[in-house]
Every structure is written in C-alpha cells, then in structure tokens.
Amino acid sequence: MTKRYDGQDEPAVDNITMEIPAGQIVMLVGPSGCGKTTTMKMINRLIEPTSGRILIGDDDVTHRNPDQLRRHIGYVIQGAGLFPHLSVGDNIAIVPRLLKWDKKRIAARVDELLDLVSLEPGQYRDRYPRELSGGQQQRVGVARALAADPPVLLMDEPFGAVDPITRQRLQDELLRLHDELRKTIVFVTHDFDEAVKLGDRIAILQKGSRIAQYDTPDRILSEPANDFVRSFVGAGAALKQLTLTRVRDVDLHEAAVAHVGGDPAMAIEAARALDREHVIVLDEQDRPQRWMSLTELEDSGALTGVARDEALECVSLASTLNDALDEMLTSSHGVVVVTGRRNTYQGVVRVETIMDAMENLRRSGEPSGTAS
Ligand SMILES: Nc1ncnc2c1ncn2[C@@H]1O[C@H](COP(=O)(O)OP(=O)(O)OP(=O)(O)O)[C@@H](O)[C@H]1O
Ligand SMILES: [Mg+2]
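Residues numbered from 1 in each chain as written. Chains lettered and ligands numbered in written order. Predicted model: local features only at pLDDT ≥ 70, side-chain atom pairs only at ≥ 80, totals over all residues. Heavy atoms only, no water.

Engineer: I'd like a rundown of the nonpolar core, residues and numbers included.
Structural biologist: Counting 49 residues, the largest nonpolar core has Met27, Ile92, Met155, Phe187, Phe192, Ile202 and Ile204 as the members making the most contacts within it. Look past the residues within four positions of isoleucine 92 in its chain and what remains in contact with it is Val110, Leu113, Leu114, Val140, Ala143, Arg144 and Ala147. Ranked by size, the runner-up nonpolar core spans 22 residues in total, among them Leu28, Met40, Leu69 and Ala203. (Core = buried A, V, L, I, M, F, W, Y, C linked by side-chain atoms within 4.5 Å. Buried < 20%, exposed > 50% of the residue type's maximum accessible area, 1.4 Å probe, protein only. Contact = heavy atoms within 4.5 Å.)

Engineer: Describe the pairing of strand β9 (residues 256-259), naming the residues involved and giving the relevant values.
Structural biologist: By the alternation rule, side chains of β9 split into Ala256 and Ala258, which are all buried, and Val257 and His259, of which none is buried. Pairing between β9 and strand β10 (residues 278-282): four bridges, direction parallel. Of the residues in β10, the one forming a bridge with histidine 259 is leucine 282. (Helix = DSSP H or I, 4+ residues; strand = E, 2+ residues; numbered from the N terminus. Pairing = 2+ DSSP bridges.)

Engineer: Tell me what's going on with the pattern of salt bridges, and back it up with residues and numbers.
Structural biologist: Per the counting criterion, the structure on display carries 22 salt bridges. Notably, a salt bridge pairs glutamate 112 with arginine 109, separated by 3.0 Å at the nearest N-O pair. With glutamate 112 and arginine 109 both in helix α5 (residues 103-116) and three residues apart, this pair spans about one turn of that helix. A salt bridge links glutamate 180 to arginine 341; its shortest N-O distance comes to 3.6 Å. Here glutamate 180, found in helix α8 (residues 164-181), pairs with arginine 341, found in the loop between β13 (335-339) and β14 (345-350); they are 161 residues apart in sequence, far enough to count as distant. Classification of glutamate 180 by relative accessible area gives partly exposed; the value is 26%. Owing to a relative accessible area of 52%, arginine 341 belongs among the exposed residues under this scheme. (Salt bridge = Lys/Arg side-chain N within 4 Å of Asp/Glu carboxyl O.)

Engineer: Which residues make up the sheet that holds β10, and what are the values?
Structural biologist: Judged by pairing direction, the sheet is mixed, and its three strands sit side by side in the order β9-β10-β11 without closing on themselves. Each of the sheet's edge strands pairs with one partner strand only, and the pair in question is β9 and β11 (288-293). With direction set aside, neighbouring strand axes in the sheet form an average angle of 35 degrees. Helix-sheet contacts for helix α13 (residues 264-273) involve β9 and β10, and the interaxial angle to β9 is about 170 degrees. (Axes fitted to C-alpha atoms, helices over the stretch in contact; angles between N-to-C directions.)

Engineer: An account of empty space enclosed by the protein is needed here, citing residue identities and associated values.
Structural biologist: Here the structure, examined in full by the defined rule, presents two cavities of 30 Å³ or more. Taken as a whole, the largest cavity holds about 50 Å³ of empty space. Lining of the largest cavity is provided by Val117, Arg139, Val142, Phe159, Leu170, Glu173, Leu174 and Leu177. Mapped by element, the contributors of at least two residues to the lining of the largest cavity are α7 (134-146) and α8. Broken down by element, the residue count for the lining of the largest cavity peaks at four residues, all from α8. (1 Å grid on protein atoms, 1.4 Å probe; cavity = no way out; pocket = protein on both sides within 12 Å on 5 of 7 lines; lining within 4 Å. Points joined across faces, edges and corners; volume = space filled by probe spheres on them.)

Engineer: Can you lay out the domain arrangement of the protein for me, pointing to particular residues and giving the numbers?
Structural biologist: Segmentation of the protein into domains returns domain 1 (25-234) and domain 2 (248-359). A C-alpha centroid distance of 32 Å is found between domain 1 and domain 2. Facing the eleven residues of domain 1 at the interface are 13 residues of domain 2. Taking both partners together, domain 1 and domain 2 bury about 930 Å²; carbon and sulfur atoms supply 37% of that area. Viewed at the interface, domain 2 and domain 1 are joined by three salt bridges. (Domains from an automatic or database assignment. Buried area = accessible area lost by both parts, 1.4 Å probe.)

Engineer: Please give an account of the pairing of β11 that cites residues and values.
Structural biologist: Here is the key point about a regular strand: its side chains alternate between the two faces of the sheet. Along β11, five of the six residues are buried, which leaves the element largely enclosed by surrounding structure. Between β10 and β11, which pair antiparallel one after the other, the connecting turn spans five residues, and aspartate 286 there sits at a positive phi close to 65 degrees.

Engineer: Provide a residue-level description of the sheet that holds β13, including the pertinent values.
Structural biologist: Sheets are built from strands that pair by backbone hydrogen bonding, the pairs being arranged parallel or antiparallel. Read across the sheet, three strands follow the order β12-β13-β14 without closing on themselves; strand pairing throughout is mixed. Strands at the two margins of the open sheet, each flanked by one partner only, are β12 (314-316) and β14. This sheet shows a mean twist of 40 degrees between the axes of neighbouring strands, independent of strand direction. Helix α15 (residues 321-330) contacts β12, β13 and β14 of the sheet and is inclined by roughly 130 degrees relative to β13.

Engineer: Which residues make up the site of ligand 1, and what are the values?
Structural biologist: Around ligand 1, the structure places Tyr5, Gln8, Ala12, Pro31, Ser32, Gly33, Cys34, Gly35, Lys36, Thr37, Thr38 and His190. At a separation of 2.5 Å, an oxygen atom of ligand 1 approaches a polar side-chain atom of threonine 38. Take histidine 190: an N or O atom from its side chain is 3.2 Å from an oxygen atom of ligand 1. In isolation ligand 1 offers 640 Å² of accessible surface; the protein chains occlude 61% of this area. Of the residues assigned to the shell around ligand 1, the class counts are four nonpolar, seven polar and one charged. (Near = heavy atom within 4 Å. Polar contact = N/O pair within 3.5 Å; in protein donor to acceptor, adjacent residues only side chain to side chain. Areas by Shrake-Rupley, 256 points an atom, 1.4 Å probe, with all protein chains shown as cover. Nonpolar A, V, L, I, M, F, W, Y, C, P; charged D, E, K, R; others polar.)

Engineer: So what about the layout of surface pockets? Which residues, and what values?
Structural biologist: The calculated volume of the largest pocket comes to roughly 1100 Å³. In this structure, the largest pocket is lined by 34 residues; those nearest its centre are Ser118, Arg139, Glu173, Arg308 and Asn343. Every element with two or more residues in the lining of the largest pocket is listed here: α5, α6 (121-124), α7, α8, β11 and β12. Looking at the lining of the largest pocket element by element, the count peaks at six residues for α8.

Structure (structure tokens):
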C-alpha cells in the first residue's frame, strides 16, 4: 500500500507489502513520523490508501464499506481514547449496540470483558473514565476493542502513557488474553523492549514505512539486517535476551503455601518441610494475598481474615525474566510470586533461577526460550 497525503512531496507510506499471519502479534517499530500510524489506519481504512490492496484472509476489503469493516477490527488508540461522558460499561458497549445486540447480551458481554481485563465488573462498570487510573483506562480501551469479538485488533501505542510497572502488567495481560483468544494483533510501539516482549514478529520500519527487517524477535536480536536495525537493538543486547525468556520457560520453585482460614500449625509444618521461613497465603480462589513468616504463623488466628498486601507484586507466566528480575530487586524476598489465569498461584521464581538463565544465555551466546 501507498499513502500520499495531499500537498506532501514524499509519500507517508511508500509501497509497503506485508503479510501478517493470523493469530500472531506483529509489532511495528520505527522512529516518529516514519508512517506507523498511517500504515495501521489503512488496515481498517480510517485512512484511505492512495494505492494498493488490503486482504483479510482471502477477502479483499479495500473497497468494503469502512463502517462495516471497522466493526470487525478492534482499534485501541493511544491513551485509551474513552468517551468521557459515557460510563465504562457504555464505552465497552458501543460496538455491540451498533450491531444491535439485545440488552441482556450486551450487559453480559460488558461484565465478561471487564473480568477478562481484571477489573471487577460490579466496581467499575458504572464509573466514568475520569474515575479510573491511566492503566485502568487503557484496560477498558482494550476491553472496548474486544467487545464484538473481532478477529483483528489494531493497537497504536496503547500502553504509551503509563508508568513502567503498570505497563508491564498491561503487557502481561495482553499476552494472557492473546493466549486465550488468539486474535491477530498489529501493535505499534516506540519501545523496542516492548516489541521483543510482545511480538511473534517485529517489523522495524524506516521513513515511508519501508521495512528494514521483518522477523522474529530472536532473529532481529541475533542477526540484525543492517545498521539501522542494529541502532534499534542497541547496546545491552545480552540483558535484552532476558526479555526473550519467559517465566513459563523456566522451572518454577515451590513455595510453602497456606490458605486464608486454614490452620497455621499446618502452614508451619509445610514451610518446615520445604525448609522455608515464609509461606505465601492464598485466598479461596488460589490468588496470592501476602507472605507470612513462621513467627506470624505462631498466632493461632494468623490465617483468619487475611487482607491482601497491596505491596505484593506478582508476575505472570507470560512475563519475561527481565520483569521478574525487576520485581525481585524491589521486593525484599529474593523471590517473586508467579500467577497464571485469573491470577491463580503457580509457583515462584528465585534469584538463582535468573542467575542460571543469564549464565546459560552468556555461555550459549544466543537467545534461549521462544517468543511465541
Ligand atoms: N493528515 C496528514 N496530512 C499530511 N501529512 C500527514 C498527515 N498525517 C500524517 N502525516 C505525515 O505522514 C508521516 C507519517 O505519519 P504517521 O502518523 O504515520 O507517523 P508515525 O510513524 O505514526 O509517527 P509517531 O511515532 O510520531 O506516531 C509524517 O511525516 C506525518 O507528518
Ligand atoms: Mg503514530
């Protein structure tokens, strides 16, 4: 496709040809103004191409009615782009309403999606965007894009405006969603680390959306096609390769576990059996609540009404070892708790695990694990 804006000498997008495999996450990375947004908006015809064709499956959508097309392609714009005068629920319901779903089905879908992006429906459905944090707004943006279950999702720097920890969580959530839903996702970012973490494939774009390299993250890291790509990969490629190893790729350790409402004496026994000083306390749904020391557990009421420790940070199976290391460096335990679907406890990663992984990466001199 090519896009030439009126009055511009150079095309904003100069004859790009790209095949995006169904069900994968493809990252577009490149300098400001190189044509990423223009490329993406041509996919759902928010911008009309000057020339070229767009095929989705075998379907030539180049001349399809753009309104209809857009209902089948979810779009997450930068900074969530929620309508401020609509509640969270109404924001999510926009496309289903356009599709004239009945009320019950829409209400059920809204709650299902809020649940999917880890926002308690009862608590968030009726709030307004200004009553949410930036990260929560972006989750609603993702929920809204998913509302009518489109097979294709376009995301333009969706996590650009949030702090690094929230961004890491949103990235993990996106990977988890992708595991569950297998959408085809085109994702624009400035952040090469984000591209490595999320992408099945990365397209490094130069001015005019010219493709410098379109490849898997490990190939781009290990065999950059030219100096332009090399400048993106940058220094610290060794540490970046920690970004290529997922928590699910390493053997998790077992922590001693107790349940809210359980017997502290048994928890102490469990900890001693594993030679641990702390247990991780889970709620009825196996979601981690807090660490508890053996001393705390000597109180027979220790496991009654345990409140969640707000400072307890977990990583998910889709997180990278880099994320896990970050978490560890800010916690006092030298271990980080790993959660899976619906935030259920899976195990822990210990600092030794990360050291071993780094050692292996250094020795092999090439990336381990997979980015898929
Ligand atoms: N409506 C427009 N009219 C004229 N030129 C435009 C228009 N929109 C974008 N451009 C130009 O087209 C080029 C590509 O813009 P585009 O928004 O696609 O870049 P981008 O890669 O998304 O950049 P960024 O990373 O800053 O978001 C830029 O040079 C931009 O100035
Ligand atoms: Mg842009």
